[in-house]
Amino acid sequence: MSDHDAQPPGLTREAWDDLRARLARSRFRSRFRLNERDAAYAANQGIPTLCTHAYEFVGARLAPAIPKNDGRQTPMRGHPVFVAQHATATCCRGCLHKWHRIPAGRPLSDDEVGYAVAVIMAWLGAPPGGDPSDTGD
Ligand SMILES: [Zn+2]
């Protein structure tokens, strides 16, 4: 877990394409887009920094067996990673279970943390239905 700058492991191209297709069928998930401010922040920080932030958020807010305020621990806005978490259903343990088959009630393994980060970063690089630099209309 020392090399957070590298592309995170745990998500094949095939698995991402499959997940993307499922997320695109959810009206709730597919409406998330980076607003101008988040997109500018993402472009400014760059992918390695966003990846570090994703590890920090997932590690602190999702990885514990009983996360604090589970179901409400991920703000709806304020950081591109938060938006990506809602868009990819990696926002809380309930969504991780329902969408990604990762059981709640126990700590996430390092592999599961890496997987969640990989999903978040995949969305930030290629969100379902659009480009992160495309702010909508
Ligand atoms: Zn959730």
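Residues numbered from 1 in each chain as written. Predicted model: local features only at pLDDT ≥ 70, side-chain atom pairs only at ≥ 80, totals over all residues.

**Here's the deal with the overall build of the chain**
In step 1: Summing up its helical and strand segments, the chain has 7 helices and 0 strands in all.
In step 2: For the chain, the succession of helices and strands along the chain, N to C, is α-α-α-α-α-α-α.
In step 3: Taken over 137 residues, the chain has a buried fraction of 32%.
In step 4: For the chain, long-range pairs separated by at least 24 residues make up 73% of all intrachain contacts whose partners lie at least 6 apart in sequence. (Helix = DSSP H or I, 4+ residues; strand = E, 2+ residues; numbered from the N terminus. Buried ≥ 20, exposed ≤ 12 C-beta atoms within 10 Å, placed from the backbone. Contact = placed C-beta atoms within 7 Å.)

**Quick notes on the environment of His97**
In step 1: Position of His97 among the secondary structure elements: in helix α6 (residues 93-100).
In step 2: For His97, the contacting residues outside a window of four places in its chain are Ile102, Pro103 and Ala104.

**A word on α6**
In step 1: Taken residue by residue, α6 has Arg93, Cys95 and Leu96 as its buried positions. Along α6, the residues classed as buried sweep out an arc of 160 degrees about the axis, all on the same side. Within α6, the exposed residues directed more than 90 degrees away from the buried face are Gly94 and Lys98.
In step 2: Once α6 ends, the next one or two residues include Arg101, with phi positive near 60 degrees. (Arc of directions from axis to C-beta.)

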